[in-house]
Amino acid sequence: MNGGRSMSTQDSGSSAPRWQGVHRALADPLRIQLLEALWELPRSARELAERAEVPADRLYYHLGQLEKAGLIEIAEYRPLARGKVERVYAPAVTEPPDDAVSAEEMAEFLGSMLDATRADINAAYRSKQAGGRREVDLHRGVLRLTEEALAELRDDVERLTTRFADQDAPGVWTRLVVAVVDLQDRPSADAVTPESERSP
């Protein structure tokens, strides 16, 4: 998650055909970083290259794949010196639902998210070693969550990301990644007996 936009795989009324190939287009950590940078504000390939610290020529293929998948669009053509112009890209859609893709596509997509997070962490520690100031907090734990507690946790995370998502607010852009993964199958609703009805 970043700045109030969530790479969520839930809750969308869009039909599956609209999202064909979207997760495949995002199965690359660089493309995820580009899309997240555009969520902050529209940028040109040159500005994205500076942000990602890669040559601009390397980005055109990836931007083309994101545009082909319908994830980004050209927001404007910005005039440059000598009559030239550059494309300014912006996000076109929100994240697709998980029922629109195969398990393999979803696994590749989530793997690329983890790779993008690893790149963020590496960049932060390189900056710290060079004398910069970056905060990195990592926590991995196991919780016991009922359906109600899981819903409450999701609401709390969404509320926090929305609260701190204002791009005009003071502060620095900070990556927030929250993974909620059940370690076992959840019982069906019929199989759950309310505690008040259990025998002593």
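See the structure above.
Described in the following lines is the structure provided in the data block. (Residues numbered from 1 in each chain as written. Predicted model: local features only at pLDDT ≥ 70, side-chain atom pairs only at ≥ 80, totals over all residues. Heavy atoms only, no water.)

Thoughts on the overall build of the protein
Then comes step 1: When its secondary structure is counted, the protein shows six helices and three strands.
Then comes step 2: Starting at the N terminus and ending at the C terminus, the protein contains elements arranged as α-α-β-α-α-β-β-α-α.
Then comes step 3: Taking all 200 residues of the protein together, the buried fraction comes to 28%.
Then comes step 4: Once local pairs closer than 6 in sequence are excluded, the contacts in the protein between residues at least 24 apart make up 64%.
Then comes step 5: In the form shown here, the protein has an accessible surface area of approximately 14,000 Å², with 49% of it arising from carbon and sulfur atoms. (Helix = DSSP H or I, 4+ residues; strand = E, 2+ residues; numbered from the N terminus. Buried < 20%, exposed > 50% of the residue type's maximum accessible area, 1.4 Å probe, protein only. Contact = heavy atoms within 4.5 Å. Areas by Shrake-Rupley, 256 points an atom, 1.4 Å probe, with all protein chains shown as cover.)

A word on the environment of E135
Then comes step 1: Residue placement: E135 occurs in the loop between α5 (103-129) and α6 (147-163).
Then comes step 2: Take E135: its relative accessible area is 59%, and that puts it in the exposed class.
Then comes step 3: Along the chain, E135 and A124 lie eleven residues apart, while their C-alpha atoms are 7.6 Å from each other.

Considering the pattern of salt bridges
Should the charged atoms of two oppositely charged side chains come close, the side chains can pair.
Then comes step 1: Applying the stated criterion to the full structure yields twelve salt bridges.
Then comes step 2: In this structure, the salt-bridge partner of R51 is E40, at a minimum N-O distance of 2.6 Å. Of the two residues, R51 is situated in helix α3 (residues 45-52) and E40 in helix α2 (residues 29-40); the sequence distance between them amounts to eleven residues.
Then comes step 3: A residue is classified by how much of its surface remains accessible, and E40, at 2% relative accessible area, is buried.
Then comes step 4: Note that R186 is salt-bridged to E147, the shortest N-O span being 3.5 Å. With R186 in the segment after α6 and E147 in helix α6, the pair connects residues that are 39 residues apart, well separated along the chain.
Then comes step 5: When its relative accessible area of 28% is taken as the criterion, R186 is described as partly exposed.
Then comes step 6: Because the salt bridges share partners, they merge into one network encompassing R46, E47, R78 and E86. (Salt bridge = Lys/Arg side-chain N within 4 Å of Asp/Glu carboxyl O.)

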